[in-house]
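Given next are the chains, with one letter for each unit.
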Amino acid sequence: MSIQWYPGHMAKAKREMIEKLKMIDVVIEIADARVPYSSRNPLIEELSGQKPRLMILNKADLADPEMTKKWQAWIEQDGTKTLVIDAQHGKGMKQIPEAVREAAEVLLNRWERKGIRPRALRTLIVGIPNSGKSTVINKLAGKKIAVIGDKPGVTKKQQWIKVGKEMELLDTPGILWPKFEEEAVGYRLALTGGVKEDIFDFQDSAVFLIQYLSRVYPELLKQRYDLNSIPEDMTAFFEAVGRRRGILAKGGSIDVDKTAEMIFRDFRQGSFGRITLEEPPHPKRDDGTT
Ligand code: G4P
């Protein structure tokens, strides 16, 4: 479960990440395919510097496949190697060692030029809580690894896991905190489990979700709640859905809080279908801005 982050936690998590990165050839960053922007902490780019990076979009089973393709193309614009996986069901996992090798091509070429005998590439999984780091590590290890170190401030002896002949993986992930600055990012993370669900009022998160779904996935929204059309006014929307589901307060009016919580949980359970909660920005310009 997501933890609450305080400045002390962040400083410690950053220090731990810096220590781990010293041992690493390739950084494997894991993001949630439903929120490829919101589930990344840009600090990793700064901390990993020139090290090769493989970007994994996990939980692809829950995301909109068309949107995942768009995101993948967007991320790859600057040459970052990406891989789309569903770690829970083991899909795409076999491609990880090869993708790591591809991401490290420049490094491998450098070793060759310098006459350094190639060794297994040392990798580290990094990401914000709940992105699926432990699931990926356990699947790659082929057994359940104790996740005792998967909290900032809790350390355990680190070990390398051999993944095939050409890759080694540190058995404790690097954890970074989620982004907090933008409100929309917060809602997306609450909906997808990247931050504690009670950080926000259910009503605010539900309104954010409904407005997004009305614009991008209106059919899925109508289907879920058996609506002929989507009321534009939020009060009318809650009224329609609450009444349909019989979520009533005393006196026969609908219970708005409970209706909001139901909508929130419907999303958490994947009841709307495969949904991506953010669209890729416009193509990057030459100077890297969007
Ligand atoms: P973390 O180490 O990065 O914190 O994440 P972890 O592997 O613990 O995964 C978080 C939750 O996400 C787990 O659910 C896990 O099963 C699920 N998960 C990981 N990868 C995938 C995926 O590709 N697809 C789907 N659908 N789920 C995935 P959990 O243990 O049930 O936790 P929770 O649901 O109670 O938060």
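Everything numeric here is computed off the predicted structure, so don't read it as measured data.

Looking only at helices and strands, the protein chain features eleven helices and seven strands. Counting over 290 residues, the protein chain shows a buried share of 48%. Taking contacts inside the protein chain between residues at least 6 apart in sequence as the whole, the part at least 24 apart equals 69%. Counting only carbon and sulfur atoms, one obtains 49% of the accessible surface of the protein chain, whose full area is about 15,000 Å². In the protein chain, the 47 positive side-chain charges and the 41 negative ones have mean positions that sit 8 Å from each other.

A separate point is the environment of Leu176. You can see Leu176 is positioned in the loop between β7 (174–175) and α7 (183–192). In the structure, Leu176 is positioned 159 residues away from Met17 in sequence and 8.1 Å away in space, judged by C-alpha atoms.

By nearness alone, 16 residues border the ligand, and Ala87, Asn130, Lys133, Ser134 and Thr135 come closest of all. A distance of 2.8 Å separates an oxygen atom of the ligand from a polar atom in the backbone of Ala87. Contact distances for the ligand include 2.8 Å between an oxygen atom and a backbone N or O atom of Asn130. Protein coverage of the free-state accessible area of the ligand, which is 710 Å², stands at 67%. Among the residues forming the shell around the ligand, the class breakdown is four nonpolar, seven polar and five charged.

Summed over the entire model, instances satisfying the criterion amount to ten aromatic pairs. Ring centres 4.9 Å apart and planes at 65 degrees place the aromatic pair Phe202 and Phe264 in the edge-to-face group. One end of the pair, Phe202, is in helix α8 (residues 202–216); the other, Phe264, is in helix α11 (residues 256–268), and 62 residues separate them in sequence. Its relative accessible area of 0% is what places Phe264 among the buried residues. Ring centres of Tyr225 and Phe272 lie 5.7 Å apart, and the angle between their planes is 80 degrees; on these two criteria the pair is classed as edge-to-face. Linking Tyr225 in helix α9 (residues 218–225) with Phe272 in the segment after α11, this pair joins segments that are 47 residues apart in sequence. Phe272 carries the same exposure label as Tyr225, and that label is buried. Pairwise contacts between aromatic rings join Tyr225, Phe237, Phe238, Phe267 and Phe272 into one cluster. The side chain of Lys179 reaches across the aromatic face of Tyr37, ending 3.8 Å from its centre.

Right, let's talk about the domain arrangement of the protein chain for a bit. According to the domain assignment, the protein chain contains domain 1 (8–171) and domain 2 (201–268). Spacing between the C-alpha centres of domain 1 and domain 2 amounts to 37 Å.

Between α7 and α8, the shortest axis-to-axis distance is 10 Å and the interhelical angle comes to 95 degrees. Relative to α8, the element α7 lies roughly perpendicular. Note on element contacts: α8 touches α7 through Asp204, Ser205, Phe208 and Leu209, opposite Ala184, Tyr187, Arg188, Ala190 and Leu191.

This brings us to the side chain of Lys20. Position of Lys20 relative to the elements: it lies in helix α1 (residues 7–21). Of the buried charged residues, Lys20 lacks a salt bridge, with Glu16 as the closest side chain of opposite charge at 5.1 Å. A polar atom in the side chain of Lys20 sits 2.8 Å from the backbone oxygen of Pro173. Among residues more than four places away in sequence, those in contact with Lys20 are Leu124, Gln158, Leu170, Thr172, Pro173 and Gly174.

Before going further, it helps to spend a moment on the pairing of strand β6 (residues 167–170). In β6, alternate side chains face the same way, and those of Met167 and Leu169 on one face and Glu168 and Leu170 on the other are all buried. Taken together, the three bridges between strand β4 (residues 121–127) and β6 define a ladder with parallel strand orientation. If you follow Leu121 over to β6, its bridge partner there is Met167. Taken together, strand β5 (residues 160–163) and the strand that follows it, β6, pair antiparallel across an intervening segment of three residues, in which Gly164 is found at a positive phi of about 65 degrees.

Here the focus is the environment of Gly251. With respect to the helices and strands, Gly251 occurs in the loop between α10 (234–245) and α11. Along the sequence, Gly251 and Gly174 sit 77 residues apart, while their C-alpha atoms lie 52 Å from each other.

Here is what the cut-offs are and how they apply
Residues numbered from 1 in each chain as written. Predicted model: local features only at pLDDT ≥ 70, side-chain atom pairs only at ≥ 80, totals over all residues. Heavy atoms only, no water. Helix = DSSP H or I, 4+ residues; strand = E, 2+ residues; numbered from the N terminus. Buried < 20%, exposed > 50% of the residue type's maximum accessible area, 1.4 Å probe, protein only. Contact = heavy atoms within 4.5 Å. Areas by Shrake-Rupley, 256 points an atom, 1.4 Å probe, with all protein chains shown as cover. Lys, Arg positive; Asp, Glu negative; His and termini not counted. Charge placed at Lys NZ, Arg CZ, Asp CG, Glu CD. Near = heavy atom within 4 Å. Polar contact = N/O pair within 3.5 Å; in protein donor to acceptor, adjacent residues only side chain to side chain. Nonpolar A, V, L, I, M, F, W, Y, C, P; charged D, E, K, R; others polar. Phe/Tyr/Trp six-rings, centres within 6.5 Å; stacked < 30°, edge-to-face > 60°. Lys NZ or Arg CZ within 6 Å of the ring centre and 35° of its normal. Domains from an automatic or database assignment. Axes fitted to C-alpha atoms, helices over the stretch in contact; angles between N-to-C directions. Parallel < 35°, antiparallel > 145°, perpendicular 65-115°, else oblique. Salt bridge = Lys/Arg side-chain N within 4 Å of Asp/Glu carboxyl O. Pairing = 2+ DSSP bridges.

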